[in-house]
Amino acid sequence: MANVCVVGAQWGDEGKGKIVDWLSERADVIARFQGGHNAGHTLVIDGKVFKLSLLPSGIVRPGKLSVIGNGVVLDPWAFIKEIEVLRGQGVDISPESLMLAENTPLILPLHGELDRAREESTSVAKIGTTGRGIGPAYEDKVGRRSVRVADLADPATLELRIDRLLTHHDALRRGLGLEPVDRDALLKGLSEVAPKLLEYAAPVWRVLAARRAAGARILFEGAQGALLDVDFGTYPFVTSSNTTAGMAATGTGMGPDSVDFTLGIVKAYTTRVGEGPFPAELQDETGQRLGERGHEFGTVTGRKRRCGWFDAVLVRQTCQISGVSGIALTKLDVLDTFEELKICVGYRIDGREIDYLPTASEEQARVEPIYETFEGWPGTTAGARSWSDLPAQAIKYVRRIEELIDCPVTLLSTSPERDDTILVRDPFAD
Ligand code: IMP
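Report follows, based on the coordinates. (Residues numbered from 1 in each chain as written. Predicted model: local features only at pLDDT ≥ 70, side-chain atom pairs only at ≥ 80, totals over all residues. Heavy atoms only, no water.)

**Concerning the overall build of the protein chain**
Link 1 in the chain: Within the protein chain, the regular secondary structure consists of 12 helices and 18 strands.
Link 2 in the chain: Taken over C-alpha atoms, the radius of gyration comes to 22 Å for the protein chain, in line with the 22 Å a tight globule of 430 residues would show.
Link 3 in the chain: Dimensions of the protein chain, computed from C-alpha atoms along their principal axes, come out at roughly 65 × 50 × 35 Å.
Link 4 in the chain: Split into buried and exposed, the 430 residues of the protein chain put 56% on the buried side.
Link 5 in the chain: A distance of 2 Å separates the average location of the 49 positive side-chain charges in the protein chain from that of its 61 negative side-chain charges. (Helix = DSSP H or I, 4+ residues; strand = E, 2+ residues; numbered from the N terminus. Rg over C-alpha atoms; globule rule 2.2 N^0.38 Å. Buried < 20%, exposed > 50% of the residue type's maximum accessible area, 1.4 Å probe, protein only. Lys, Arg positive; Asp, Glu negative; His and termini not counted. Charge placed at Lys NZ, Arg CZ, Asp CG, Glu CD.)

Set out below in C-alpha cells:
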C-alpha cells in the first residue's frame with residue numbers, strides 16, 4: 001500500500017484543503033506532522049464548509065483515523081474549540097477517530113503573548129507571524145522546557161514543568177516590559193483542560209506502526225509551504241517548523257521509508273503572507289488582479305496575500321528539497337482572462353544569472369526575476385475535467401511548468417469544486 005505525503009511547495013496557501021480532502025477520502029489514516037493552529041484549511045463537502053486550523057482534514061469523514069503527531073505544537077484551548085465547532089456542525093469526534101501524540105508540546109497563552117510582543121516591538125524586524133505563539137512554542141521544545149501532553153496526567157510533574165518554563169519566560173518578559181506569568185492561573189487553566197486532552201492522548205508512533213503493518217493507507221498532511229521551512233525557507237521570514245516532507249517521519253514517529261509518494265501542492269501563480277523576500281512579486285495592477293481573482297486573503301488572519309507570477313526557480317528548488325514525486329497544480333482558472341502570462345525562469349544578481357534562490361537573505365531580497373512570456377488563453381479553464389477541456393495555450397503553460405520544475409503534474413485543479421480536477425495519476429496507486 002502506498003502512503004502519501006502532501007506538502008506545500010511555495011509559501012503556503014497553495015490550495016491544499018481541496019487536494020487533501022480528495023486524498024483523505026481514499027486514505028485510512030490522516031496525520032498532521034508539523035505546525036499548529038497557524039494553518040488554515042477550508043474543506044467544502046456536499047456544500048458544507050468546514051474550516052480547520054489544527055485538526056487533520058480526515059476528521060470530517062466518518063471511518064477515518066485522524067492523528068496529531070509529535071511534530072505539531074498544540075494549543076489546548078484551540079484544540080477543544082475546534083472539536084466543539086465541528087461537533088456543532090454534526091461531525092462525530094471520539095478517541096477512536098482522533099488521537100493526539102503524548103509527546104506533543106503545548107502552546108500556552110504565554111507563547112502567544114511573547115509572539116505578539118516581539119512582533120509589536122520596533123527593535124527587531126517584523127516576521128509577520130500569525131501571532132499564535134508557534135515560534136515561541138517551538139523554541140521551548142528545543143530548549144527542553146515545554147509542557148507536553150503526557151505531563152498533564154500528573155499534577156506534580158506539571159508543576160515542575162511550569163516552574164522550569166516560567167524561570168525562563170519571566171526573565172524574558174521582564175526584558176519586554178510584560179508582567180510575570182500568573183502561575184496559579186496557568187496551572188488552574190491547564191488542570192481544567194487536562195482531562196479533555198488526555199482523552200485523546202495515545203502513543204501515536206505505535207498506533208501508526210500497527211496500522212501500517214495492517215496495510216492501512218496513511219496520508220501525511222503538511223501545513224504551510226516549503227519556502228516557510230525553518231531550514232530551507234526564506235529565513236528568518238519563515239515559520240518555526242520543518243514544512244518539507246522529511247518532517248513527516250520525525251513528526252509522527254515513523255521511519256523515512258514510510259512515505260511512498262510525495263505530492264507537492266503548487267499554485268499556478270505565487271502568493272505570500274507576511275514579510276520577506278518574494279522575487280516575482282507584482283506590486284501593480286496585475287498583482288492586484290491576481291489577488292482579486294484568486295480571493296487571496298488569509299484564512300487564519302484575514303490578511304491580504306502578496307501576489308506574483310509563477311516562479312519556476314523556487315518550485316524546482318522546493319520539489320528537490322521535499323523529494324516531490326509529482327505536483328498538484330491548483331487555481332489555474334485564476335489565470336483565465338489574462339492577455340499575457342509570465343513565468344520566472346531564473347534570477348539576475350550582480351550581473352550574473354543564477355537558477356536557484358541564494359541562501360543569504362540579503363541576496364534573496366536583491367535577485368531580479370528573468371521572465372518567459374506566454375500568450376493568455378481565450379475562454380475559461382474553470383471546471384475543466386480533462387485535458388481536452390483546456391485551451392491549447394493553457395496546456396502549453398502547464399507543460400512548460402513541468403519542464404521547468406523537472407516534475408510531472410499528477411493532479412490539476414480547475415475550481416474549488418472537488419470534481420473539477422484532472423487526475424493524471426493516483427498517488428495512492430503507487
Ligand atoms: P508563524 O507560523 O505564525 O510563526 O508565522 C511565520 C510566517 O509563516 C509568517 O510569514 C506567516 O504569515 C506564515 N504562515 C504561517 N502559517 C501559514 C499558513 O498556513 N499559510 C501561509 N503562511 C503561513
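Having put the structure on the table, let's press on.
**Quick word on the side chain of His-41**
Link 1 in the chain: With respect to the helices and strands, His-41 occurs in strand E3 (residues 41-45).
Link 2 in the chain: For His-41, a relative accessible area of 6% puts it in the buried group.
Link 3 in the chain: A distance of 2.8 Å separates polar atoms of two side chains, one belonging to His-41 and the other to Glu-221.
Link 4 in the chain: Those residues in contact with His-41 that sit more than four places away from it in its chain are Lys-16, Gly-17, Phe-50, Lys-51, Leu-52, Ser-57, Glu-221, Gly-222 and Ala-223. (Polar contact = N/O pair within 3.5 Å; in protein donor to acceptor, adjacent residues only side chain to side chain. Contact = heavy atoms within 4.5 Å.)

**Quick notes on the packing of aromatic side chains**
Link 1 in the chain: For the structure on display, the rule yields 5 aromatic pairs.
Link 2 in the chain: Ring plane angle 70° and centroid distance 6.1 Å describe the contact between Trp-309 and Phe-338, whose orientation is recorded as edge-to-face. Of the two residues, Trp-309 is situated in the loop between strand E11 (306-308) and strand E12 (310-311) and Phe-338 in the loop between strand E13 (326-330) and strand E14 (340-349); the sequence distance between them amounts to 29 residues. Comparing Trp-309 with Phe-338, the two get one shared label, buried.
Link 3 in the chain: Put simply, the rings of Phe-374, Trp-377 and Tyr-397 touch in pairs and so form one group of aromatic residues.
Link 4 in the chain: Positioned over the ring face of Phe-338 is Arg-289, at 4.1 Å from the centre of the ring. (Phe/Tyr/Trp six-rings, centres within 6.5 Å; stacked < 30°, edge-to-face > 60°. Lys NZ or Arg CZ within 6 Å of the ring centre and 35° of its normal.)

**Quick notes on the site of the ligand**
Link 1 in the chain: Near the ligand you find 15 residues, and of these Asp-13, Asn-38, Thr-130, Thr-239 and Arg-303 are the closest.
Link 2 in the chain: In this structure, Asn-38 approaches the ligand through a side-chain N or O atom, which is 2.9 Å from an oxygen atom.
Link 3 in the chain: Between an oxygen atom of the ligand and a side-chain N or O atom of Thr-130, the distance comes to 2.6 Å.
Link 4 in the chain: Taken by itself the ligand offers 470 Å² of open surface, and the protein chains cover 96% of this.
Link 5 in the chain: Class assignment of the residues belonging to the shell around the ligand gives a composition of 6 nonpolar, 7 polar and 2 charged. (Near = heavy atom within 4 Å. Areas by Shrake-Rupley, 256 points an atom, 1.4 Å probe, with all protein chains shown as cover. Nonpolar A, V, L, I, M, F, W, Y, C, P; charged D, E, K, R; others polar.)

**Considering the state of the cysteines**
Link 1 in the chain: The tally for this structure, following the rule as stated, stands at 0 disulfides.
Link 2 in the chain: No disulfide involves Cys-5; its sulfur sits 12 Å from the nearest other cysteine sulfur, which is in Cys-319.
Link 3 in the chain: By relative accessible area, Cys-5 is classed as buried at 0%.
Link 4 in the chain: Among the cysteines around Cys-407, which has no disulfide bond, Cys-319 carries the closest sulfur, lying 4.3 Å off. (Disulfide = S-S within 2.5 Å.)

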